[in-house]
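# Chain and residue survey
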Amino acid sequence: MMMMKAVTGVLAVAWVAAIVENAFGETVEVTTPYGALRGIRTSSGPFGGGVDKYLGVPFAKPPVGPLRFGKPEDVERWTGTRDATSLGPICYQTGRSRGNGGLTVSEDCLYLNVFTPQVRAGVGYSRPLPVMLWLHGGGYKTGTGSNVDLSALAARGVVGVSINYRLGALGFLCTGDAASPGNYGLYDQIRALEWVRDAISAFNGDPNDVTIFGQSAGSSSVSQLILTPAAKGLFNKAVMESGCSLAPFAWNYLNTQRNAQQLASRLGCNGTDSSGLLACLRTFSADSLTNAANQVLAENGAGVSFAPVVESSFGQPGLFPAKPEVLLGQGRFNDVTVVRGFNGGEMAGGVNDPDNDGITVMEFQALTKGFVDMTFRNVYPQADADKIFAVLIAFYLGNDTDPFSLRKSYEQMLEDYTFLAPIEKETQLAYQAGAQPQYVYRFSYKSANRPLPSWKGTAHEEEVQYVMGYPVMNQTLWPYSLMFNKAWDHEDTLVSSDLMTLWTNFAKYGNPTPPHGSGVGVQWLPWELSTPRLLDMGQRVYTMTSWPIGANLHLWQDVISALVRAPQEGVIG
């Protein structure tokens, strides 16, 4: 891969954007190592000073034709000034995000967006700014970096970057051998970080001060980048919102070859070795391939069929020399300062209770059986599913008969399995390996605007709007714009301002509440083994409190894992 040196010295410190006028209003131009870009100059808004946006910037060659199912290649330099005033295409995907409000869906989708505080001649910052690079969620199947506007964060003195990465089979097809080891979506993320290293100085960003942050699958991607030697030195801080490398959705440990063969069979690519299978799959359109992959997902019925893999588990060199718990336990990871956290009701959709009358003991048992069948019996044929069911019933149901308590216990079971136990275990292992400070949070604020019933906790993904400053900008983050039909209130804007302060403080100082003052009324202390604590962010009452799930961690990490006897090490999934 071609290496390019970051712009340094006088240019990085005294960066000045060229201003031009066109029919669409004020634009701004900048010259990068790859060529010149024309972006959008926004006026000062409710989020603070003006921000320059450069949208739809390519960071790799289009992964099409022979580059499909391959590592991304460095983008070629262009001549002239490239228009960067509109969003680029999003990657092929399924589910709610497909089309994303009219954005083009394309296999040529490796684009990023840059948001930087305005700097005019003689006015600006005396030194390069910290960079925050956002990785979107969506189960490695859906999503786009174009979902978010990082203007509000950028206005607080950081350079924001959002990216696309390949999804589904196009991003994670694995044949279980050297023909297609997989993880192309993760390689895209690394290529984007290399682009930041090489080009972000042109936007007044500091290539040596990069924070990666993400939510859900984007959060587990952050954790995976911490684990791979291929990303060493490309970032120095990380924020994980509701996901980590030990989460059950973070990997596909099983049936990678089966998934590839099912996909090939649906397209008539049968009776050949892995290389021939790939050659055949490359002859189909991205639309046909994605539709066939979606059918495979529906056919399998549980879990994520196309997701990151540990290549060393099938004897191939790649991003991960060992399974995540091994790397964490042995201290073989990129040692950066981190924030990890989760929401107060991650699985708020786990129970459908429109009458708000709770669930009965029989309903609890039926729901738990369905969970066990979907998560274990259908995915791990070697698992003792009956015993797992009995253990879960004994732990989470016990002798309880209160319908409201049972409803809460069932959702807690799902949250422990999917989020809390993995996050606590990863934090514990990293700490024991001597990691840099780790800050842990629980976000439990519930806006009056939220579309969920009041009994449901703060749901998965609900924090993203506040982190991005959407209440402050008086906007709604898609797809919440389909659900939220009320104006943000004053409390919402205060909470959003607090989260932006914490996140940008962390990007600037490596401490969300630095000694010189954070403005949120509490000192956020790092997690320690002797004092496992987190910042609980409720109705704008922020307090340090103890970690909530000791016995639950033991149940999932030790008892259930032993009953599953899964081939991976760590929290089962």
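Note that the structure is predicted; figures quoted are calculated from it, not measured. (Residues numbered from 1 in each chain as written. Predicted model: local features only at pLDDT ≥ 70, side-chain atom pairs only at ≥ 80, totals over all residues. Heavy atoms only, no water.)

### As for helix α11 (residues 385-397)
For α11, built from 13 residues, the straight-helix expectation of 18 Å at 1.5 Å per residue is met to within 8% by its first-to-last C-alpha distance of 17 Å. Buried within α11 we find A385, I388, V391, L392, I393, Y396 and L397. On the buried face of α11, the contacting elements are α10 (361-377), α12 (403-432) and α16 (550-564). Two residues or fewer past α11, G398 is found with a positive phi of approximately 55°. (Helix = DSSP H or I, 4+ residues; strand = E, 2+ residues; numbered from the N terminus. Expected span 1.5 Å × (residues − 1). Buried < 20%, exposed > 50% of the residue type's maximum accessible area, 1.4 Å probe, protein only. Contact = heavy atoms within 4.5 Å.)

### Focus on the pattern of salt bridges
Taken as a whole, this structure holds 21 salt bridges when the rule is applied. Here R266 and E299 are joined by a salt bridge, their closest N and O atoms 2.7 Å apart. In this pair, R266 is assigned in helix α6 (residues 256-266) and E299 in helix α8 (residues 286-300), connecting sequence segments 33 residues apart. On the accessibility criterion, R266 (41% relative accessible area) is partly exposed. For E299, a relative accessible area of 43% corresponds to the partly exposed category. With a shortest N-O distance of 3.7 Å, E528 and R533 are connected by a salt bridge. (Salt bridge = Lys/Arg side-chain N within 4 Å of Asp/Glu carboxyl O.)

### What about the environment of Q262?
Secondary-structure assignment places Q262 in helix α6. Separated by 38 residues in sequence, Q262 and N300 have C-alpha atoms that sit 9.9 Å apart. Once residues lying within four places of it in the same chain are set aside, the contact partners of Q262 are V296, E299 and N300. A distance of 3.0 Å separates polar atoms of two side chains, one belonging to Q262 and the other to E299. (Polar contact = N/O pair within 3.5 Å; in protein donor to acceptor, adjacent residues only side chain to side chain.)

### Regarding the packing of aromatic side chains
Ring pairs (aromatic) are described by centroid distance and by the angle formed between their planes. Inspection of every chain in the model, using the stated rule, returns 24 aromatic pairs. The interplanar angle of 10° and the centroid separation of 6.4 Å between the aromatic rings of Y34 and W195 together place this pair among those described as stacked. Of this pair, Y34 sits in the loop between β2 (25-32) and β3 (35-41) while W195 sits in helix α4 (residues 184-199), placing them 161 residues apart in sequence. Assessed through its relative accessible area of 0%, Y34 is described here as buried. (Phe/Tyr/Trp six-rings, centres within 6.5 Å; stacked < 30°, edge-to-face > 60°.)

### With respect to the state of the cysteines
One pass over the structure, following the stated rule, counts two disulfides. Note on cysteine connectivity: C91 is disulfide-linked to C109, with sulfurs 2.1 Å apart. In this structure, the disulfide formed by C91 and C109 twists by about 85° around the S-S bond and is classed as right-handed. Linking C91 in the loop between β5 (81-83) and β6 (111-117) with C109 in the loop between β5 and β6, this pair joins segments that are 18 residues apart in sequence. Judged by its relative accessible area of 2%, C91 falls in the buried class. The disulfide partner of C269 is C280, and the gap between their sulfur atoms is 1.9 Å. Judged by the sign of its S-S torsion, about -75°, the cystine formed by C269 and C280 is left-handed. With C269 in the loop between α6 and α7 (274-281) and C280 in helix α7, this residue pair connects regions lying 11 residues apart in the sequence. Residue C269 is classed as buried on the basis of its relative accessible area of 4%. In the protein, the bonded cysteines, taken in the order they occur along the sequence, pair up as 1-2, 3-4. (Disulfide = S-S within 2.5 Å.)

### Here's the deal with the pairing of strand β9 (residues 205-215)
Of all 11 residues in β9, nine are buried, a share of seventy percent or more. Both strand β7 (residues 129-135) and β9 contribute to a ladder of six bridges, which runs parallel. When the sheet's bridge partners are listed, L133 is paired in β9 with I212. A crossover connection joins β9 to the parallel strand β10 (residues 237-241) through helix α5 (residues 217-227); in handedness this β-α-β unit is right-handed. (Pairing = 2+ DSSP bridges. Right-handed = clockwise from strand over helix to strand, strands pointing away.)

### Some points on unusual backbone geometry
Its identity as a non-glycine residue notwithstanding, N183 has a phi of 65°, on the positive side. Residue placement: N183 occurs in the loop between α3 (168-172) and α4. One non-glycine residue, N356, adopts positive backbone phi at about 50°. Along the chain, N356 falls in the loop between β11 (337-343) and α10.

### Details of α10
Along an α-helix, residues three or four positions apart point the same way, because every turn accommodates 3.6 residues. Of all the residues in α10, the buried ones are F364, T368, F371, V372, D373, T375 and F376. Residues of α10 that are buried sit in contact with α11, α12 and α16.

### Topic: the nonpolar core
Within the largest apolar cluster, 126 residues are counted, with the highest numbers of intra-cluster contacts made by W195, F235, L263, F371, F376, L392 and W556. In terms of residue count, the dominant contributor to this core is α12 (11 residues). Sequence-distant contacts of W195, that is, excluding residues within four places in its chain, are made with Y34, V57, P58, F59, V75, L112, V114, I200 and F203. Core analysis: the next-biggest nonpolar cluster, separate from the first, contains 40 residues, V148, Y441, V520 and W524 among them. (Core = buried A, V, L, I, M, F, W, Y, C linked by side-chain atoms within 4.5 Å.)

### A few points about the packing of α12 against α16
It is the contact of α12 with α16, at a shortest axis distance of 9 Å, that shows an interaxial angle of 90°. Comparing the axis directions of α12 and α16 gives the class roughly perpendicular. Contacts between α12 and α16 pair Q412, M413, D416, Y417, A421, E424, K425 and Q428 from the former with N552, L553, W556 and Q557 from the latter. Of the residues contributing to the contact of α12 with α16, the split by class is five nonpolar, four polar and three charged. (Axes fitted to C-alpha atoms, helices over the stretch in contact; angles between N-to-C directions. Parallel < 35°, antiparallel > 145°, perpendicular 65-115°, else oblique. Nonpolar A, V, L, I, M, F, W, Y, C, P; charged D, E, K, R; others polar.)

### Concerning the environment of E426
Take E426: it is sitting in helix α12. Using a relative accessible area of 1% as the deciding quantity, one classes E426 as buried. In sequence terms E426 and L328 are 98 residues apart; their C-alpha atoms lie 7.3 Å from each other. In this structure E426 touches S223, M240, C244, S245, L246, L328, R340 and Q438, once residues within four positions along its chain are discounted. Of the polar contacts made by the side chain of E426, one reaches the side chain of R340; its length is 2.9 Å.

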